[in-house]
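# A closer look at the structure
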Amino acid sequence: MFGNRFLELNQQGMLQIFILIVIALVVVVTIPVLVMKVFPAADWIMRIILIFLIFTTVRGYLGSGIPTILVTGVLIYFLVIKWAYFTAAVYIAVYFLLALQVFSIIIFGIGMGMRKG
Amino acid sequence: MVFEIMPLMFALLSIGEFFSDMVFVLKIFVLLTIISWVIMHLGKGPLAIVLIVGISWFVLFDAFWFFGGTYVLMMLLTLGIAGIFIDLFFVFPGFAAGAGGSGGLPAEAKMSSQGGVNQRMQAFKAKPGRARKLPPPM
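Residues numbered from 1 in each chain as written. Chains lettered and ligands numbered in written order. Predicted model: local features only at pLDDT ≥ 70, side-chain atom pairs only at ≥ 80, totals over all residues. Heavy atoms only, no water.

### Looking at the packing of helix 3 (residues 40-62) of chain A against helix 4 (residues 66-82) of chain A
Residue and element names in this part refer to chain A. Viewed as axis vectors pointing N to C, helix 3 and helix 4 meet at an angle of 145 degrees, and their least axial separation amounts to 9 Å. Helix 4 is crossed by helix 3, and the crossing has right-handed handedness. In contact with R47, L50, I51, I54, F55, V58, R59 and L62 of helix 3, helix 4 contributes P67, T68, V71, T72, L75, I76, L79, V80 and I81. Across the contact of helix 3 with helix 4, the residue classes break down as 13 nonpolar, two polar and two charged. (Axes fitted to C-alpha atoms, helices over the stretch in contact; angles between N-to-C directions. Helix = DSSP H or I, 4+ residues; strand = E, 2+ residues; numbered from the N terminus. Left-handed = near helix turned anticlockwise from the far one by under 90°. Contact = heavy atoms within 4.5 Å. Nonpolar A, V, L, I, M, F, W, Y, C, P; charged D, E, K, R; others polar.)

Below you can see the structure in the form of structure tokens.
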């Protein structure tokens, strides 16, 4: 089913546009990592945002208490201290591109830009 | 020879470390979901604790190969990745083909693009006997 769909889209030159969309997605996801590398203040601010996000998420699951502090600490070590750039990229991809539907705007913009009519 | 392949070994070890760390973080989130779900239904009694331990053992250690991917898929669907796929495979081809534009190619996606909908509406209205008869003016 999907194989036929891809073949059909490829015949209409859609594969190149899909590649453009993937490149746009990679660029948008890479931007926060570059900004964190170039500007140390942005690095700190993004880490603080991630800490707040993790604490709020865990408190939503477990409520206020010692287990929340412990789980938050473990998650902060792995996600904010050890793999901060990956977490920042995932945060941008998930919250801005998926939850706020920004990726739909990117697809819409590329589609209108490649329009033949 | 050993020193030449050391960067590659470090890269592979780093990838493995990253993967294992992310699996651990994913397990923590799955555990949080289980705890939240059980407490929401049963409160914080001893039965809830037994159930949390049992479900966690099964989900995290026995069948995580299934539940890990299922949890990620569920989270992505919750965040609306299905809309992205609909945009990519149905709405976007219609726009790129010039749907609704003047002089463009006919719409590729007939069911979801606005151009396809307009064409079907015009064809529907053009059929004899299909147009709804309005009541006579009072």
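### Things to note about the packing of aromatic side chains
Following the criterion strictly, the structure yields eight aromatic pairs over all chains and no others. Judged by centre distance (4.9 Å) and plane angle (75 degrees), the rings of W83 of chain A and F18 of chain B are edge-to-face. Here W83 of chain A, found in the loop between helix 4 and helix 5 (84-99), pairs with F18 of chain B, found in helix 1 (residues 2-42), and the two come from separate chains. On the basis of relative accessible area, W83 of chain A is assigned to the buried category, the value being 17%. Under the relative-accessibility criterion, F18 of chain B is labelled partly exposed at 25%. Through pairs of rings, three or more aromatic residues link up here, namely F58, W65, F66 and F67 of chain B. When the ring centre of F64 of chain B is taken as origin, the NZ or CZ atom of K27 of chain B, which lies over that ring, is 5.0 Å away. (Phe/Tyr/Trp six-rings, centres within 6.5 Å; stacked < 30°, edge-to-face > 60°. Buried < 20%, exposed > 50% of the residue type's maximum accessible area, 1.4 Å probe, protein only. Lys NZ or Arg CZ within 6 Å of the ring centre and 35° of its normal.)

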